[in-house]
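Chains, contacts and geometry: an overview
Residues per chain are reported as follows:
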Amino acid sequence: MRVVMLVVMLVVMGCVNSSPLSAFVVKGLFPVNSKDSEEASLTRFLTAALQEMGTCDLSLAVGERAAQRWPGLIYSLLLMVPLPRQVLTISAWQDFAGISRTSSTCQGNVIILQDPETLLTFVSNSPTDWDYDGRFVVVGLNKTHLEALTRSRCGRKTKHIVGLVQSERRPGVWEVFVNQLYSHLGTAQVTTWTGTRFTLPRPLFPEKLENFNGANLKVVVVEYNPAIFYLRDGRGSIVDRYGLDIEVIEAMARLFNFTPRYIESPPGELWGELLPNGSFSGMVGMIGREEGDVAVGNVYLSSFLGRLNYLSYSASYATDWSCFQARVEPPLPYYLALALPYRLTTWLSLLGCTLMLVPVLHLLATPEERQKQNWTSISDSLLHILGLHFRIPQTRVPAGTTPRVLVAFLWLYVIIITTGYSSNLTAFLTVQRSPAGVETIKELYESKMTVLGLGQYFKFNMMQSANPYVQGLAGTYKLLFNVEEMDSLIERGEGVGIQGKKYQLYIIKKRYSPRGTPTVRILKECFMSHSIALALQVHSPLKPLFDRGVSRVVESGLVNRWFAVSISRASQEDEGDEDDEDEEGKREGFLALSLAHIQGVFFILFFGSLAALLLFCLELVFGRK
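Residues numbered from 1 in each chain as written. Predicted model: local features only at pLDDT ≥ 70, side-chain atom pairs only at ≥ 80, totals over all residues. Heavy atoms only, no water.

**Some remarks on the overall build of the protein chain**
Just so we agree on the cut-off: Note on conventions: DSSP H or I runs of at least 4 residues are helices, E runs of at least 2 residues are strands, and numbering of each starts at the N terminus. Whether two residues touch is decided by their heavy atoms; if any such pair falls within 4.5 Å, the residues are in contact.
Within the protein chain, the secondary structure is distributed over 21 helices and 19 strands. For the protein chain, contacts bridging at least 24 residues in sequence account for 71% of all contacts bridging at least 6.

**A closer look at the packing of aromatic side chains**
In plain terms, the rule: Only Phe, Tyr and Trp rings are paired, with Trp represented by its six-membered ring, and only when their centres lie within 6.5 Å; those with planes under 30 degrees apart are stacked, over 60 edge-to-face, the remainder tilted. When a residue's accessible area, from a 1.4 Å probe over protein chains only, is under 20% of the maximum for its type it is buried; when over 50% it is exposed; and in between it is partly exposed. Both a distance and an angle decide whether a charge sits over a ring: NZ of Lys or CZ of Arg must be within 6 Å of the ring centre and within 35 degrees of the ring normal.
Following the criterion strictly, the structure yields 25 aromatic pairs and no others. Relative to F460, the ring of F304 lies with its centre 5.0 Å away and its plane at 50°, an arrangement referred to as tilted. Here F304, found in the loop between strand 12 (294–296) and strand 13 (312–313), pairs with F460, found in helix 14 (residues 457–464); they are 156 residues apart in sequence, far enough to count as distant. Classification of F460 as partly exposed rests on a relative accessible area of 35%. By way of ring pairs, the aromatic residues Y182, F212, F256, F258 and F546 are connected into one cluster. Positioned over the ring face of Y230 is R241, at 5.4 Å from the centre of the ring. Positioned above the aromatic ring of Y445 is the side chain of K448, whose terminal nitrogen or guanidinium carbon lies 4.9 Å from the ring centre.

**Side note on unusual backbone geometry**
Note on backbone geometry: most residues besides glycine have negative phi, and most peptide bonds are trans. Cis rather than trans, the peptide bond between N225 and P226 has omega equal to 0°. You can see P226 is positioned in the loop between strand 8 (215–221) and strand 9 (229–232). Here the phi dihedral of E290 falls at roughly 60°; this positive angle occurs in a residue that is not glycine. Note that E290 resides in the loop between helix 8 (282–288) and strand 12. The exposure class of E290 is buried, given its relative accessible area of 13%. Residues other than glycine seldom take positive phi values, yet K448 does so here, at roughly 65°. For K448, the position within the fold is in the loop between helix 13 (441–447) and strand 15 (451–454). On the basis of relative accessible area, K448 is assigned to the exposed category, the value being 59%.

**Some words on the sheet that holds strand 15**
The test is simple: Any two strands are treated as partners once DSSP identifies two or more bridges connecting them. Structural elements are reduced to axes, namely lines fitted to C-alpha atoms, with helices fitted over the stretch in contact, and the angle between N-to-C directions of any two is expressed from 0 to 180 degrees.
Spatial ordering of the open sheet is given by 16-15-17-14-18, a layout of five strands whose pairing is mixed. Each of the sheet's edge strands pairs with one partner strand only, and the pair in question is strand 16 (477–480) and strand 18 (520–532). Pairs of neighbouring strands in the sheet enclose a mean axial angle of 25°, with direction left out of account. In terms of strand pairing, strand 14 (residues 318–327) meets strand 17 (residues 496–500) through four bridges, oriented antiparallel. When the sheet's bridge partners are listed, F324 is paired in strand 17 with I498. Across the sheet, helix 14 touches strand 14, strand 15, strand 16, strand 17 and strand 18, and the angle it forms with strand 18 is around 90°.

**Structural notes on the pairing of strand 3 (residues 107–112)**
Of all the six residues making up strand 3, six are buried; the element is thus mostly covered by neighbouring parts of the structure. Judged by which residues are buried, strand 3 turns out to be covered on both faces: Q107, N109 and I111 on one side and G108, V110 and I112 on the other are all buried. The pairing of strand 1 (residues 57–63) with strand 3 spans six bridges and is parallel. Within the sheet, the bridge partner assigned to V62 lies in strand 3 and is I112. The pairing of strand 3 with strand 4 (residues 135–139) spans five bridges and is parallel.

**A look at the packing of helix 11 (residues 378–389) against helix 12 (residues 401–430)**
Put simply, the rule is: Should an angle fall under 35 degrees it is called roughly parallel, over 145 degrees roughly antiparallel, and 65 to 115 degrees roughly perpendicular, with every other angle called oblique. The nonpolar class holds Ala, Val, Leu, Ile, Met, Phe, Trp, Tyr, Cys and Pro. Asp, Glu, Lys and Arg form the charged class, and all remaining residues, Gly among them, are polar.
Across the interface, helix 11 lies against helix 12 with an axial gap of 9 Å and an inter-helix angle of 45°. The orientation of helix 11 relative to helix 12 falls into the category oblique. Two secondary-structure elements touch here, helix 11 through I385, L388 and H389 and helix 12 through L410, W411, Y413, V414, I417 and T418. Of the residues contributing to the contact of helix 11 with helix 12, the split by class is seven nonpolar, two polar and no charged.

**Re the nonpolar core**
For soluble globular proteins, nonpolar side chains are generally found buried alongside one another. Heads up, the rule is: Here, the term nonpolar core denotes a set of buried Ala, Val, Leu, Ile, Met, Phe, Trp, Tyr and Cys residues that are joined through side-chain atoms within 4.5 Å.
F212, M252, Y317, F324, M462, L534 and F546 are the most contacted members of the largest nonpolar core, which totals 54 residues. Of all the elements, helix 7 (residues 244–256) adds the most residues to this core, at eight residues. In contact with F212, other than residues within four places in its own chain, are Y182, L217, F256, N257, F258, L542 and L545. Counting 36 residues, the second-largest nonpolar core is a separate cluster that includes L452, V483, L489 and I490.

**A few points about the side chain of E175**
When you line up the elements, E175 lands in strand 6 (residues 174–180). Once residues lying within four places of it in the same chain are set aside, the contact partners of E175 are G163, L164, V165, S167, Q189 and T191.

**Concerning the state of the cysteines**
To be explicit about the condition: Cysteine sulfur pairs qualify as disulfides if the two atoms are within 2.5 Å.
This structure, assessed with the given rule, holds two disulfides. Disulfide pairing places C56 opposite C106 at an S-S distance of 1.6 Å. Classification of the bridge connecting C56 and C106 rests on its S-S torsion, roughly -100°, and on that basis the disulfide is left-handed. Of this pair, C56 sits in the loop between helix 2 (38–53) and strand 1 while C106 is found in the loop between strand 2 (86–90) and strand 3, placing the two residues 50 residues apart along the sequence. The partly exposed category is assigned to C106, whose relative accessible area is 22%. With its sulfur 1.8 Å from that of its partner, C323 forms a disulfide with C526. Here the S-S torsion is close to 100°, and the disulfide linking C323 with C526 is therefore right-handed. One end of the pair, C323, is in strand 14; the other, C526, is in strand 18, and 203 residues separate them in sequence. Residue classification places C323 among the buried residues on the basis of a relative accessible area of 0%.

Spelled out as C-alpha cells, the structure:
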C-alpha cells in the first residue's frame, strides 16, 4: 500500500498545472478507532482545516524531518488533494521563497515542520516573499515558536495563521491557536483537537478586522491646514485636532470599532525625504518602520522616491491641484488715486483739447473784448479755461456770438468731464488698486522668480511635466521644510510658492491686510492634480478594510461636508485675531476718509507752493538785474 501511495505522491509532485482544492472527509479512506495514531489525528485535523479553506488553491510545504516523522500524513494529504498547486520539500529557509502567490481566488498554505528555525529565519530575512493574503495552517511548532511567528514582521500583517500545537499535559490532544492582530498581537487558543473532533466549534479563519473591539491603532499625523488643524492651549500643548483627514480617520474608527491614537511626525520633517542611507524621514519613514499603522495629512497618492517600498495607499477620498501662490503686489499709493479716474490716453486727450482751446478762444475774441476783459495774452485764456475745469465761477464772458457759442459748448464739455472725474475719484479714494503681476506659468518662467516648495515632491513633478515652462521653473526651485517660512518668503515677495490649491485658498481667506485686501493670490494656471488617500504599511491587512470604508464615505458625500465644516470652524477661531484698523469708520456702514486717502491733495498743494516759490525767486533775481 505504501508503494502505491509513494507512486501517487511522485505523480502529484510532478504535476505543473493547478486545480482548485477539493476538501472532503477521508474517514472512509482512513478508518479510525480508539487507538488512532498521531498521523491519523493530524490527517483528520488538516481535512477539517482544508474544508474551511473552501476553494482556495493549496501549497504544501513539508520539512525533511517532518516527512520522516509523519510519512503517512503526507501521503494522506496528497490523496485528499490530487492536484495541489505546489508541493515543496523544505531543507533550508530559502526553500520557502518558492511558494507561488498567483491564485485567482485565495491561497491556502499548509506547512508541516519539525525544524521551526527554517520558517522563523525565512520570515525574518525575506518579507517580500511572504504570502500576506494567504491562509496558513502550521503544524509542528511549539507555542513559543508559534508566538514568534505571529509576532514577526510578516506574521503581524498576515490575517490568518492557524497553529496546531501538541499539548504538553494531555498526550494525543492538540491545542489550536489563531494569530491576533494589532493591539492584541500574538496568539489566542480558540479550541482543542482531540483527535477526532474540536472541543469547541470555532471557525479557524474568522473575520478579525470587521470589529477591532476598541483596539488602539497608531495614526501618524502631519499638521497641514486645511486638511488637519491643531487647537492648542496657552502653553502650546495640543488640545484638539480636526479637519477633513481627521474626520476620515474618525469615520473609519466608528465603522470598525477601533480607537485612533495620534502620534506626530517629527518636527520639521513633515512627510519626509529619502536619506542617503536609503531610509526615509518624516511620516513615510515612520510608516515604513511600522511606528504607525496609518498616516494622514494631505497625503498625495504617489510613488515619488520609491515611497511604495515604504508604504501603501488606501482608496482616494479627495483631489487637489498643484498651483502657484504669489504675493499680491503692494497697492498703489493713495496720491495716485487723483489720476486713476481717467486712463492715460484720456488725460492726454484732455490736455490736448485744453491746449487747442486756449489759442482758439484768444483768437475769436475781438480786440475790444480783449482790452475790455483783459484778455490780452494767451495766459489769460488759459487761466479762464482752467477755471472752468476747476469749476470756478467766471465773471468774464465773451460778447461776440462766435466766442459765446464756443464757451457754451465748453461749459457742457467741462460739466461732463468734471462730473465723471469727481464720481470716479470717490471710488478710487476708498478702494486701493494693485499693479498687475504674473498670472500664467509662462509669465512666471519669464520673470525668473524663485519657486518655493516643501520637500522635493513638487520639484520632481515639475521636472516630469510635459510643459517646457514648468520644466524650466524646476531650475529655480528652492527646498523648504517649514510652512511658516515659505509663507513669510511669499509675503515678502522673495519667491512664488507651490502648494495644493485647497491650502492656498485657505491661506488667502485667512490672511488679510489691515484693509481687507488679500496679501497672497493664486496664479490662474495650475499644472497637476493629485489624489489624496490614507497611508498604510506595506502589505497592511487594513487596506481592503479601509478601501471599503473610504468608498462608503465618498459615496455618501460626507467628504465635502467635512471639509466645509472644518474651514468654518477654523474661520470662527481666527475671528478674534483680525485687525481692527479702519473699524471705526465702518461702524456706520460707510468708510470715513482718512489723511491717507486724500494725501494727493496735500501733494498738489505742496508742489504748487513750491512752484510759486521758485517763480518768486526768479522774479527777485531778474528784478534786481
